Amino acid sequence: MTPAPLVLDGLLVGAILFALGLVGILARRNLIVMFLCAELMLQGISVSLVAWSRHHGDWGGHVLVIFVLTVAACEAAVALVFVLQAFARTGRLDSAAWQSLRESNVPRTVDHELPAVDTLPPKFPKLTPAGVEPPVDQDALLEREHV
Amino acid sequence: MIASVLPTISPGTLLAGGVTATAASLWLLLPRGQSGAVERTGRRLGGLLGLVAVGCFIATGHRLGSLGEDAVFLIVSLVAVVSGAATVVTRSPVYAAIWFAMALAGVAGVLLVLGGQFLGVATIVVYAGAILVMFLFVLMLAQPAGLAPYDRVSNEPLLAAVAGAVLLGILSLSIGRLSAEPPLCCRMPAKATAIAAGPADGVPAAAEAGIDLLASDHVARLGGELFGRHLLAVEVAGVLLLVALIGSIAIVSRGTDGTVAPARRAVP
């Protein structure tokens with residue numbers, strides 16, 4: 001029996017998500033964005049698994065997706081710690097900062113000078129001030145310097 | 001509407017057009033270190049080509065299955081795919097994380113339509129609620145102010161876009177093969193065939209075999225399966241979570257040089 005139409009559509013959506021995640025992994029250089037793209041690939045796999053589960057009429061795909069969720073949580077915990085450590089060492093979230101780990105026959109990534117970005121500050125909506133202005137707490141100002 | 005246009009285009013042409021449009025659109029949308037009018041024009045063009053690619057794949061899906069007839073499925077899958085593409089091409093990592101949350105909402109909808117009640121909710125709770133918030137935490141800890149140079153360039157954007165689009169084309173082709181009658185070598189195992197054959201022709205396999213979206217004991221049956229046949233795997237997964245927790249704490253507390261991590265310097 002050929003798969004139901006909805007199953008085929010689910011498989012197509014899963015394939016598209018997987019391919020998009022693959023492009024992100026290959027192209028982006030920010031470690032965290034690369035990681036988000038890996039999660040996107042996992043989502044594509046989950047959609048495919050649930051579609052197959054519907055086709056075969058059993059719970060195998062659902063159970064496997066639950067384990068995918070579990071392993072993804074573990075993976076995120078460990079990998080984000082690695083990313084933080086990498087940032088503490090190099091001061092950048094750049095995968096090219098670790099290019100000394102590459103194979104000896106792979107050419108070096110060279111960054112060229114980039115054109116300046118548009119420096120217009122972002123426009124955020126403003127709330128109308130209401131009530132009495134609270135007194136300024138000097139200690140709080142010191143604490144919030146980095147935000 | 002879709003059906004009236006479709007017969008004039010052959011499936012191969014449609015798929016080739018979709019793959020080409022996907023590659024070109026992703027290449028135009030990925031950050032390539034440009035700025036100003038060049039970048040804006042490239043992104044607009046990439047967005048238009050992306051619409052063309054989405055249209056091609058909707059038509060392919062309509063031909064394969066029934067994409068477009070179930071409006072809810074069409075909408076949630078569009079949300080998932082468009083937000084997924086935005087996750088990949090957005091410059092700012094914070095916006096990428098927020099687009100990823102949107103993609104998760106779409107994926108949860110797709111899972112719901114496909115009959116995964118519990119998984120749809122679990123995706124939202126576990127991914128968007130826990131993992132994504134952790135991502136944002138790390139981003140806020142580590143992201144320098146403004147757009148970093150490495151967020152404005154990509155590794156080999158053309159090759160990456162072509163690789164992704166070609167993979168997508170191959171996968172779509174093999175999904176298309178599924179809708180044809182399978183050859184003798186690749187038939188399903190006997191038990192699955194018996195289940196899939198169902199009580200009557202034309203009735204979806206899931207309706208008979210128990211993955212029913214509207215069944216009131218859906219989650220109970222999933223739990224029974226999980227803690228029955230897969231009990232050992234559940235225990236192992238618990239141990240895995242514990243090991244990951246201890247491991248990440250150990251790595252963090254070691255610091256960068258085996259000592260306490262020094263204070264971070266702001267990077268210009």
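Residues numbered from 1 in each chain as written. Chains lettered and ligands numbered in written order. Predicted model: local features only at pLDDT ≥ 70, side-chain atom pairs only at ≥ 80, totals over all residues.

Another point: the overall build of chain A. Of regular secondary structure, chain A possesses 4 helices and 0 strands. Traced from its N-terminal end to its C-terminal end, chain A shows the element sequence α-α-α-α. With respect to the principal axes defined by its C-alpha atoms, chain A has extents near 70 × 55 × 30 Å. Sequence-distant contacts, at least 24 apart, represent 49% of the contacts inside chain A between residues at least 6 apart. (Helix = DSSP H or I, 4+ residues; strand = E, 2+ residues; numbered from the N terminus. Contact = placed C-beta atoms within 7 Å.)

Further remarks concern the confidence of the model for chain B. All names here are of chain B. When pLDDT is averaged along chain B, the result is 82, and 79% of the positions lie at 70 or above. For the stretch residues 199-209, pLDDT sits under 50, and the model shows 21 contacts to residues farther than four places along the chain or on other chains. Interface scoring of the predicted complex returns ipTM 0.83; its pTM is 0.83. (pLDDT = per-residue confidence, 0-100.)

Take unusual backbone geometry next. Here Glu156(B), not a glycine, exhibits a phi torsion of approximately 45 degrees, which is positive. Along the chain, Glu156(B) falls in the loop between α6 (117-142) and α7 (157-178).

Among the structural elements, Ile251(B) can be located in helix α11 (residues 231-254). We classify Ile251(B) as partly exposed; it has 14 C-beta atoms within 10 Å. Sequence-wise, Ile251(B) and Arg40(B) are 211 residues apart; in three dimensions their C-alpha atoms are separated by 42 Å. When residues no more than four places from it in sequence are discounted, the contact partners of Ile251(B) are Val81(A) and Gln85(A). (Buried ≥ 20, exposed ≤ 12 C-beta atoms within 10 Å, placed from the backbone.)

Glancing now at the packing of helix α1 (residues 5-27) of chain A against helix α4 (residues 71-89) of chain B. Two elements in contact, α1(A) and α4(B), have axes separated by 9 Å at closest approach and are oriented at 10 degrees. With respect to α4(B), the element α1(A) is oriented roughly parallel. Within the contact between the two elements, α1(A) uses Leu6(A), Asp9(A), Val13(A), Ile16(A), Leu17(A), Leu20(A), Val23(A) and Gly24(A) and α4(B) uses Phe73(B), Ser77(B), Ala80(B), Val81(B), Gly84(B), Ala85(B), Thr87(B) and Val88(B). Per-class residue counts for the contact of α1(A) with α4(B) are 11 nonpolar, 4 polar and 1 charged. (Axes fitted to C-alpha atoms, helices over the stretch in contact; angles between N-to-C directions. Parallel < 35°, antiparallel > 145°, perpendicular 65-115°, else oblique. Nonpolar A, V, L, I, M, F, W, Y, C, P; charged D, E, K, R; others polar.)

Size of an interface: often given as the accessible area lost when the parts come together. Across the boundary between the two partners, chain B contributes 97 residues, which contact 75 residues of chain A. Of the residues belonging to the side of chain B that touches chain A, the class tally is 65 nonpolar, 23 polar and 9 charged.

What follows is about helix α2 (residues 11-29) of chain B. Given a rise of 1.5 Å per residue, 19 residues ought to cover 27 Å, and the 26 Å separating the end C-alpha atoms of α2(B) matches this to within 8%. Where the residues of α2(B) are buried, they touch α1 of chain A together with α3 (36-64), α4 and α7 of chain B. (Expected span 1.5 Å × (residues − 1).)

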